[in-house]
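Structural overview for review
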Amino acid sequence: MDMALVLRAGGRLLRLSLCRRASYTQGQSPEPRIREYFYYIDHQGQLFLDDTKVKNFITCFKDKKFLVFFFKQLRKNGTERYQEFPYLSPCGRERNFVRCEDLPIVFTHLVRGDGPEGELLSYGGAGDELSVNFEPQRLFMPVNGRVYHPAPERTGGVGLVKSALAFELSGHFEYTSSGPETGPPSHFNWKGQRLRLSNELAAHIQNEEPT
């Protein structure tokens, strides 16, 4: 039984599970020729096997080819198995179930695009091979201080901006009220432009429970 405590912080529901550990065995075969594996993505966007005891840069996956394939396949878990792992990255006869500290897409770097798209936000540890167009007017920062940006729809349409990058961007936010304690910023100053923030991601963040 999965018991949980639900709190509200910064306008967002926080679900603290009292029984987080699912019952599984890495590589298990629930049916002929099917294998199942279980993964975890932390708030820095690093990917681990879920049962890795010490999760840090040493133990995370770093092979770029693998990461590109894994994240391109990543989507919401539409199966009836392991709903405590809300995401799935299928690979042939492998089912790779994924849970995360906040969101599965974590933008780690702002990189220059080769074409007219300008800057890109990269994720998944693969540089511009995994990226979305940077749309600064669509950034959203709730009162909890985290920063979010639109992400691929197959994973829910919103991604977290890594804390180090969010800190770099934070100086560009502008508040119409007295400061960040009173509400989200209203504008973002970028390359000589004062952009009004749409704050359209507010509904996604407030309705999304961390996994």
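Residues numbered from 1 in each chain as written. Predicted model: local features only at pLDDT ≥ 70, side-chain atom pairs only at ≥ 80, totals over all residues. Heavy atoms only, no water.

**Some points on the layout of surface pockets**
What counts, and what does not: Using only the protein atoms, space was sampled on a 1 Å grid; points where a 1.4 Å probe fits but cannot get out form cavities, open sets with protein on both sides within 12 Å along at least five of seven lines form pockets, and lining residues are those with an atom within 4 Å of a point. Grid points are joined across faces, edges and corners, and a volume is the space filled by probe spheres set on the points. What counts as a helix is a DSSP run of H or I of at least four residues, what counts as a strand is a run of E of at least two, and both are numbered from the N terminus. Classification used: nonpolar for Ala, Val, Leu, Ile, Met, Phe, Trp, Tyr, Cys and Pro, charged for Asp, Glu, Lys and Arg, polar for all others including Gly.
In this model, the largest pocket occupies a volume close to 290 Å³. If you trace the largest pocket, you find 20 residues lining it, with Gly45, Gln46, Phe57, Gly124 and Gly125 closest to the centre. Those elements that place two or more of their residues in the lining of the largest pocket are α1 (64-73), β8 (106-112) and β9 (119-123). Of the residues forming the lining of the largest pocket, the biggest block, three residues, is contributed by β8. A breakdown of the residues in the lining of the largest pocket according to their chemical character gives nine nonpolar, nine polar and two charged.

**Focus: the confidence of the model for the protein**
Put simply, the rule is: pLDDT gives the predictor's per-residue confidence on a scale running from 0 to 100. Note on contacts: a residue pair is in contact if any heavy atoms of the two residues lie within 4.5 Å.
Here the protein averages 86 in pLDDT, while 82% of its residues score no lower than 70. Segment residues 1-19: pLDDT under 50, and 43 contacts once partners within four positions in sequence are set aside and those in other chains are kept. Every residue in residues 207-211 is under pLDDT 50, and counting partners more than four places away or in other chains gives 19 contacts.

**Re unusual backbone geometry**
Inclusion rule: Remark: exposure states derive from per-residue accessible area (1.4 Å probe, protein chains only) relative to the maximum for the residue type, with buried under 20%, exposed over 50%, and partly exposed in between.
Of note, the phi angle at Lys191 is positive, near 55 degrees, even though the residue is not glycine. Mapping Lys191 onto the fold places it in the loop between β14 (187-190) and β15 (193-196). For Lys191, a relative accessible area of 59% corresponds to the exposed category.

**Thoughts on the pairing of strand β12 (residues 158-161)**
Spelled out, the test is: Note on pairing: DSSP must find at least two bridges between two strands before they are called paired.
Bridge count for β8 against β12 is two bridges, and the pairing is parallel. Its bridge partner being in β12, Phe107 is matched across the sheet by Val161. As paired strands, strand β11 (residues 147-150) and β12 are joined by four bridges and run antiparallel to one another. Pairing of His149 across the sheet is with Gly159, part of β12.

**With respect to the pairing of strand β7 (residues 94-100)**
Taken across its seven residues, β7 has five buried, putting it largely inside the fold. Relative to β7, strand β3 (residues 35-41) is paired through seven bridges, and the arrangement is parallel. Bridged to Arg35 within β7 is Glu94. Strand direction decides the pairing type here: strand β6 (residues 87-88) and β7, joined by two bridges, are antiparallel. Residue pairing for β7: Leu88 is matched across the bridge by Phe97. Joining the antiparallel neighbours β6 and β7 is a turn of five residues, in which Gly92 adopts a positive phi near 60 degrees.

**Examining the sheet that holds strand β5 (residues 75-76)**
Defined as follows: Lines fitted to C-alpha atoms define the axes here, with helix axes fitted over just the stretch in contact, and angles between the N-to-C directions of these axes take values from 0 to 180 degrees.
If you trace the five strands from one edge of the open sheet to the other, you get β4-β3-β7-β6-β5, paired in mixed fashion. Across the chains shown, the open sheet's two edge strands, defined by having one partner strand only, are β4 (47-49) and β5. Each of β3, β4, β5, β6 and β7 touches α1; the most contacted strand, β4, lies at about 90 degrees to it.

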